[in-house]
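So you can see what is in the structure, the chains are spelled out below.
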Amino acid sequence: MEKYKQYKNLNSTDIEKNIQDKWAKEDTFAKSLQIREGNKPFIFFEGPPSANGKPGIHHVMARTIKDIFCRYKNLKGYYVTRKAGWDTHGLPVELGVEQALGITKEDIGSKISVEEYNKACRESVMQFKDLWDKLTVQMGYWVDLDSPYITFTNKYIESVWWLLGEIYNKGLLYKGYTIQPYSPAAGTGLSSHELNMPGCYKDVKDTTCVVQFKIASKQTTNNIILDKLNDKKDKTYFLAWTTTPWTLPSNTALAVGDKIDYCCVESFNPYTGKEMVCFVAKNLLNAHFKTEGENQDFEAYKKGDKVIPWRLLFECKGKELVGIDYEQLIPWVKPQRQEGDAFKVISGDYVTTQDGTGIVHIAPTFGADDARVAKLANIAPLHLVDKNGKNQPMVDKSGKFFVLDDLDKEYVDKHIDKEQYERFAGRFVKNAYDDTLTDKDNTLDVDLCVELKAQNKVFKIEKHTHNYPHCWRTDKPVLYYPLDSWFIKTTAVKDRLIELNKTINWKPQATGTGRFGNWLENLVDWNLSRSRYWGTPLPIWRTEDGKEEIFINSVEKLAKEIDKSIAAGFMSENPYKSNDYESFDLHRPYIDNVILVSESGKPMKRESDLIDVWFDSGAMPFAQRHYPFECTTEELKQKFFPADFIAEGVDQTRGWFFTLHTIATMVMDEVSYKNVVSNGLVLDKNGNKMSKRLGNAVSPFEMMDKYGADATRLYMISNSQPWDNLKFDPNGIDEIRRKFFGTLYNTYSFFALYANIDGFAYKEKDIEYSKRPEIDRWILSLLNTLIKDVDSDLNDYEPTRAARRVMDFVCEDLSNWYVRLCRRRFWKGEYSEDKISAYQTLYRCMEVIAQLGSVFAPFFMDELYCNLNAVSGRNKATSVHLTDFPTSNDNEIDKDLEARMDLAQRICSLVLSLRKRHNLKVRQPLAKIMIPCDATTKERIEKVKNLILSEVNVKDIEYLDLHNNVLSKTIKANFKTLGPKYGKIMKSLAAKIAAFTQDDITKLESEGKYALDVEGQQITLDLTDVEIATKDIEGWVVASEGKLTVALDVVITDDLKKEGIARELVNRIQNIRKDSNFEVTDNIVVKVEYDRDLQAAIEMYKGYICGETLTKELSLENNINSPTTKIDVIEGKELGIYIETIK
RNA sequence: AGUCUCGUAGCUCAGUUGGUUAGAGCACUACACUGAUAAUGUAGGGGUCGGCAGUUCAAGUCUGCCCGAGACUACCA
């Protein structure tokens, strides 16, 4: 017979290496797919990592989650394809290359050609692919690495173009002018990613001011508020606060909150002392007007007085102020009326009264929110017209007010007050942009404020510290600046996005409704444009005047259009005509060489933008199959879309999760994924973010080399819910290794040792369930419950709960109770039915554990399974990963049995604590224990009596009737039943019950009810209203827990003492056998130094002693010549002993 | 700054519809046990359940505010 594999010690990394080799040799992953081919697919999308960064420990986390559910569904019979993918475009790649080559973006096109630059990017994207592959193999992540999708391939790009084309065709792609972060010092726009680089947001101290916007004498609409002001109208102002006074010349509106309360206050300007009336939010009134000035004497006020008198004229809602016209604050430039109205109060949904005045100055050219609310209210931005006839904000791209020479002459004459404007033209809006200026020089902000002060237009000037973003490259402040960009009109499908999101099962739910849901509620259009080089080019060609354009959604169409262009004489050759996708390149600069011809025969050039890399990754459900070019819609929907399951870090909520959802909604009107698990971050053990800079980043390879992949995986899953942040502590992995894998390994080793001796190979028919002993049926009952629970947890995407269940079962139930209590059954006696039952039961438990655990710890569990199966040959599958998920057998679940065993465990625990307290070794047998209980409990205990007796080494159990008068009892109110009935008097009622005498308790018990009076209320208690427990038995040593009480007979009779000595002797002989490295089956001869007590014990228990220790000859001698060692079986005596094996 | 998540023993985490001694593991201390031994058992110390209010007969659990950590989103003037 083949033997169960036995180990010298547990070496996880060796086991894992062997299993890796086995999987590679037998192609187990592919096989696991083959056996499910044709079955219902379980569709999974792999979020593509960038291979130009090294994998970190958090990738092990995310991939473990993915692996668990894919393996689970595979075991459940689904066909689970898992195509790997690589994200290869975008900023991280470009930045990496720039760093490696020592260049900046400005050098592209001069120091290095776009062609060379992109070549360098292409080469660098797979820089760490080997490391990623190594991680994948070592951690046991099953994903198809042989045919991954790669975002830079022409086929992938073609699919992306096609998808974008669908959006374009629906009219949801447009070119717009929006406010974006822009670094004048670097001359480039910045992505949100760049803005979020560490250290970009810095506290800066800026000059801020509260400005007075005067109500216009001529109003375009009627307004009740104006009537209320009547003769004070010409000295009434709106107060608005700004941290960027340089944007004030570009002001074209003021925003108020509709529902915010505003005050109209009469007072004086603190600088000029002139009388004024102004509007300010009620909440902020006292920030601007001191309480002690309220209703002070106006006549007595002199300019410069510390306390400025003021009085409240009336209050109103923001909504009532909307529509009022005001005078332009700094009338240098007149807005172009055709772009909309200007200088009106509008409503702004984002206005708050946290600081400032509750009235917000709006400069649509320099604020994203400003631009949005202005557009909604049809308010014109303040534009200049440059020499090329293009609209420009007042600030040019180098960060200074436009100089007149750069502007259109006609426009200047018509719209600009040259005399006023010229004094400031050419001034940089931040000193940092001008190399000739320092912090000490006056800023434009300060000069503007000073001028406004002189004009009675400023109410307050102060320095204010706030958080402001800086360009990570130049370290200079960023400007929010209007730029041309292409947008996807996601706002047009907002409602549908929200609706479809409600059908997605988010784990945790809060991420879906909260973070993601809120994000959708506040959706803005998706800015697709990136002024970059390495990425998917935007496939739109336009004539110079922008009046004609074409969208290219396939290579075929591109080639056709180029042919037309050749005919028109704009191009000479067609590089995209081949069917060989390897023969051309859709990237820049090649694609930029393509000039197409418009309907009217004009040349069209490509819009120079690239598209956001997030569109690339969100397009993967389609692009990974080169849909629709190599995959039909029918095939896609049958096999590849939408995903049943995806999982990534929670940081992807607004990244990949969003782009997947949006693209699928816009193109397919369907969700992209049905279930999504978003896991939290992996922090270091102190809860700090891991970073290379701090040196606290953990290498996944180091962890797996040291502790093994299984332990690492199981640690990460079991330690905390995946969506909570994980404080990663290597000691935790070690704990899992010792506690769980060590215990399971011990259990297996124990089994293997005896099964090999007995030749158990699971060849016998299963012993009938009903014929198995109580303890076997107990562990089988738990096992079946475990299967059921783990199945339902995994089905609910609750990996942590499932993993903890498996671990608890192995450590507590299987090892610490079943095996410990059953040890004797395995090594004692003949190969009987009871023994076979024990082997079969333990075997089955381990087999099922291997299957359930295989999703978490794929290596160890496969080893375990194969070791078992190699001998039994019970299963055809050559790997646990090729088996079917176990099914639970409800007939084997016995809740009453589980309750009985629980009772047994508690009784044992109590007896052991009594032994401890009275210093009675477990090896010393005792006569009996006594348990007060009712008839049902007695019946239950009877069934597990033998287990208890042998576990605690006691001869008998006696039961004590509950009405016995040697018992003393305690009573406690049952709050759960009484609470709802007697709410208010609960406290005194509980106190009265607690004060019951033994007689009271007896009365209640015998009559079944008890009447009493609490605070004048008549109450009748019945037995369910109280909890009665036995606490003491007179004359016995007693321990109790909850309702259970156990008494122990501590009298050691002569016979018991002899037996105790016999057991001590057996124990010593066993120890010596082991220390001498005898085989378990060796027979021995034993000689012990004579002692009277020992002789008495041996006389009585010779058979027992010899039987236990395989002793063939046992003798007592006066003198042992060369004793093996000395033993102390009789207290206070050291006796020599000699043992040898019989050959 | 906003939104969301989290805060329970030295550490990592459980804690059911609110119900009365708040649990487990690790770590620590002591004592046992030892044909599973890189284990195991028993006992012990260790908690104002982040803070303050509120609802309730009853709050770790529900509500509000505050504090701390983290993520995301942000020049909210």
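Residues numbered from 1 in each chain as written. Chains lettered and ligands numbered in written order. Predicted model: local features only at pLDDT ≥ 70, side-chain atom pairs only at ≥ 80, totals over all residues. Heavy atoms only, no water.

Peer 1: Help me understand the protein's contact with RNA strand B in this model?
Peer 2: Close contacts around RNA strand B come from 63 residues, with Trp-241, Phe-366, Arg-923, Gln-1070 and Arg-1073 the closest. What you see for RNA strand B is that sugar and phosphate hold 59% of its atoms within 4 Å of the protein. One nitrogen or oxygen atom from the side chain of Thr-242 is found 3.0 Å from a sugar or linking oxygen belonging to RNA strand B. In the environment of RNA strand B, a sugar or linking oxygen lies 3.0 Å from a nitrogen or oxygen atom belonging to the side chain of Arg-804. Breaking the surface near RNA strand B down by element, the ones donating at least two residues are strand E6 (236-242), helix H17 (509-521), helix H25 (730-758), helix H27 (799-827), helix H30 (895-917), helix H33 (975-982) and helix H36 (1054-1075). Residues belonging to the surface near RNA strand B are distributed by class as follows: 20 nonpolar, 23 polar and 20 charged. (Near = heavy atom within 4 Å. Polar contact = N/O pair within 3.5 Å; in protein donor to acceptor, adjacent residues only side chain to side chain. Helix = DSSP H or I, 4+ residues; strand = E, 2+ residues; numbered from the N terminus. Nonpolar A, V, L, I, M, F, W, Y, C, P; charged D, E, K, R; others polar.)

Peer 1: Would you explain the pattern of salt bridges in this entry?
Peer 2: When the charged atoms of two side chains with opposite charge come close together, those side chains can pair. This structure, assessed with the given rule, holds 71 salt bridges. A salt bridge links Lys-175 to Glu-607; the shortest N-O distance between them is 2.6 Å. Placement of Lys-175 in strand E3 (residues 173-183) and of Glu-607 in the loop between strand E23 (603-606) and strand E24 (610-611) is noted, with a sequence separation of 432 residues between them. The closest approach of N and O atoms between Asp-413 and Lys-418, which form a salt bridge, is 3.2 Å. Among the residues examined, Asp-413 registers a relative accessible area of 54% and is labelled exposed. (Salt bridge = Lys/Arg side-chain N within 4 Å of Asp/Glu carboxyl O. Buried < 20%, exposed > 50% of the residue type's maximum accessible area, 1.4 Å probe, protein only.)

Peer 1: Looking at this structure, how should I read unusual backbone geometry?
Peer 2: It is generally the case that most residues other than glycine have a negative phi and that most peptide bonds are trans. Omega for the peptide link from Lys-507 to Pro-508 comes to -5°, which places this bond in the cis form. Looking at the secondary structure, you find Pro-508 in the loop between strand E17 (505-507) and H17. Cis geometry is found at the peptide bond from Phe-641 to Pro-642, where omega equals -5°. Residue position: Pro-642 is located in the loop between helix H21 (633-640) and strand E25 (643-649).

Peer 1: Whenever I open this one, the environment of Lys-440 confuses me. Can you help?
Peer 2: Among the structural elements, Lys-440 can be located in the loop between helix H14 (418-422) and helix H15 (444-454). Since its relative accessible area comes to 81%, Lys-440 is described here as exposed. Along the chain, Lys-440 and Leu-407 lie 33 residues apart, while their C-alpha atoms are 31 Å from each other.

Peer 1: Help me out: how do you make sense of empty space enclosed by the protein in this one?
Peer 2: Evaluation of the coordinates by the stated rule reveals two cavities of 30 Å³ or more. Along its surface, the largest cavity is lined by Tyr-7, Leu-10, Ile-15, Tyr-745, Tyr-748, Phe-860, Glu-863, Leu-864 and Asn-867. Those elements giving two or more residues to the lining of the largest cavity turn out to be H25 and helix H29 (858-872). A total of four residues in the lining of the largest cavity trace back to one element, the largest contributor, which is H29. In this structure, the second largest cavity occupies an estimated 40 Å³ of space. If you go around the second largest cavity, the residues you meet are Ser-32, Arg-71, Asn-74, Leu-75, Arg-82, Trp-142 and His-881. Ranked by the residues each element gives to the lining of the second largest cavity, the list is headed by helix H3 (residues 57-75), at three residues. Looking at side-chain class alone, the lining of the second largest cavity contains two nonpolar, three polar and two charged residues. (1 Å grid on protein atoms, 1.4 Å probe; cavity = no way out; pocket = protein on both sides within 12 Å on 5 of 7 lines; lining within 4 Å. Points joined across faces, edges and corners; volume = space filled by probe spheres on them.)

Peer 1: Even after reading the chapter, I still don't get the environment of Phe-516, so can you show me in this structure?
Peer 2: Take Phe-516: it is sitting in helix H17. Taking the relative accessible area as the measure of exposure, Phe-516 reaches 0% and is therefore buried. Along the backbone, Phe-516 and Met-126 are 390 residues apart, and their C-alpha atoms lie at a distance of 32 Å. When sequence neighbours within four positions are dropped, the list of residues in contact with Phe-516 reads Asn-501, Trp-506, Thr-511, Thr-653, Phe-657, Phe-658, His-661 and Tyr-673. (Contact = heavy atoms within 4.5 Å.)

Peer 1: How should the packing of aromatic side chains be read in this particular structure?
Peer 2: Geometrically, a pair of aromatic rings is defined through the distance of the ring centres and the angle of the planes. For the coordinates displayed, the defined rule picks out 59 aromatic pairs. Taken together, a centroid distance of 5.4 Å and an interplanar angle of 50° make the contact between Phe-289 and Phe-459 tilted. Note that Phe-289 is positioned in the loop between helix H10 (285-288) and strand E10 (311-317) and Phe-459 in strand E15 (residues 458-469), a separation of 170 residues in sequence. Note on Phe-459: relative accessible area 5%, which makes it buried. Between the NZ or CZ atom of Lys-134 and the centre of the ring of Phe-701, over which it lies, the distance is 4.5 Å. Above the plane of the ring of Tyr-762 lies Arg-874, whose end atom (NZ or CZ) is 4.1 Å from the centre. (Phe/Tyr/Trp six-rings, centres within 6.5 Å; stacked < 30°, edge-to-face > 60°. Lys NZ or Arg CZ within 6 Å of the ring centre and 35° of its normal.)

Peer 1: Is there a simple way to explain the sheet that holds strand E37 (residues 1084-1089) in this structure?
Peer 2: Picture the strands of a sheet paired through backbone hydrogen bonds; they go either parallel or antiparallel. An order of E38-E37-E40-E39 is seen for the four strands of this open sheet, with the pairing classed as mixed. Two strands in the sheet have a free side with no partner beyond their single neighbour: strand E38 (1111-1117) and strand E39 (1125-1127). Adjacent strand axes in the sheet meet at a mean angle of 30°, parallel and antiparallel pairs treated alike. Inspection of the sheet shows E37 paired to E38 by six bridges, in the parallel sense. Residue pairing across strands places Glu-1089 opposite Glu-1117, the latter belonging to E38. Sheet strands touched by H36: E37, E39 and strand E40 (1135-1141). Its angle to E40, the strand with the most contacts, is close to 50°. (Pairing = 2+ DSSP bridges. Axes fitted to C-alpha atoms, helices over the stretch in contact; angles between N-to-C directions.)

Peer 1: Can you help me understand the state of the cysteines in this one?
Peer 2: What makes a disulfide is a covalent bond joining the sulfur atoms belonging to two cysteines. Enumeration over the complete set of coordinates arrives at zero disulfides. Summary of cysteine pairing: Cys-933 is not part of a disulfide, and the nearest cysteine sulfur, belonging to Cys-908, is at 15 Å. (Disulfide = S-S within 2.5 Å.)

Peer 1: Before we go on, may I ask you to explain the confidence of the model for chain A in this structure?
Peer 2: Should the pLDDT be low somewhere, the predicted coordinates at that spot are not to be read in detail. When pLDDT is averaged across chain A, the result is 87; 98% of the residues are at 70 or more. Across the interface, the model reports ipTM at 0.88; the global pTM reads 0.84. (pLDDT = per-residue confidence, 0-100.)

Peer 1: Even after reading the chapter, I still don't get a nonpolar patch on the surface, so can you show me in this structure?
Peer 2: On the surface, Leu-753, Ile-757 and Val-1080 cluster together into a nonpolar patch covering about 220 Å² of accessible area. Relative to the helices and strands, Ile-757 resides in helix H25. (Patch = residues over 30% accessible without salt bridge, like charges linked within 9 Å, V, L, I, M, F, W, Y side chains within 5 Å. Areas by Shrake-Rupley, 256 points an atom, 1.4 Å probe, with all protein chains shown as cover.)

Peer 1: Honestly, the pairing of strand E32 (residues 1009-1014) in this entry has me stumped. Any pointers?
Peer 2: For a regular strand, side chains alternate in direction, first toward one face of the sheet and then toward the other. Only one face of E32 is covered, namely the one carrying Tyr-1010, Leu-1012 and Val-1014; the face carrying Lys-1009, Ala-1011 and Asp-1013 has none of its residues buried. Pairing analysis gives six bridges linking E32 to strand E33 (residues 1017-1022), with the strands arranged antiparallel. Bridge pairing links Asp-1013 to Gln-1018 in E33. The turn joining E32 and E33, which pair antiparallel and follow one another in sequence, is formed by two residues; a positive phi near 45° is taken by Glu-1015.

Peer 1: Help me understand helix H12 (residues 368-376), please; the structure alone is not making it clear to me.
Peer 2: At 3.6 residues per turn, the α-helix brings residues three or four places apart onto the same side. Taken residue by residue, H12 has Asp-370, Val-373 and Ala-374 as its buried positions. Around the axis of H12, the buried residues are gathered within 105° of arc, so they sit on the same side. For H12, exposure combined with an orientation more than 90 degrees from the buried face picks out Lys-375 and Leu-376. Where H12 is buried, its residues meet strand E11 (344-347) and strand E12 (359-362). Downstream of H12 by one or two residues, Asn-378 has phi in the positive range, about 55°. (Arc of directions from axis to C-beta.)

Peer 1: Honestly, the sheet that holds strand E22 (residues 596-597) in this entry has me stumped. Any pointers?
Peer 2: Ordered in space as E21-E20-E23-E22, the four strands form an open sheet in which the pairing is antiparallel. Every interior strand has two partners, whereas the edge strands, strand E21 (549-551) and E22, have only one. Judged from the three bridges that link them, strand E20 (residues 540-542) and E21 form a sheet pairing that is antiparallel. Bridge assignment links Ile-540 to a residue of E21, and that residue is Phe-551. This element, helix H7 (residues 154-169), spans E20 and E21 of the sheet and lies at about 130° to E21.

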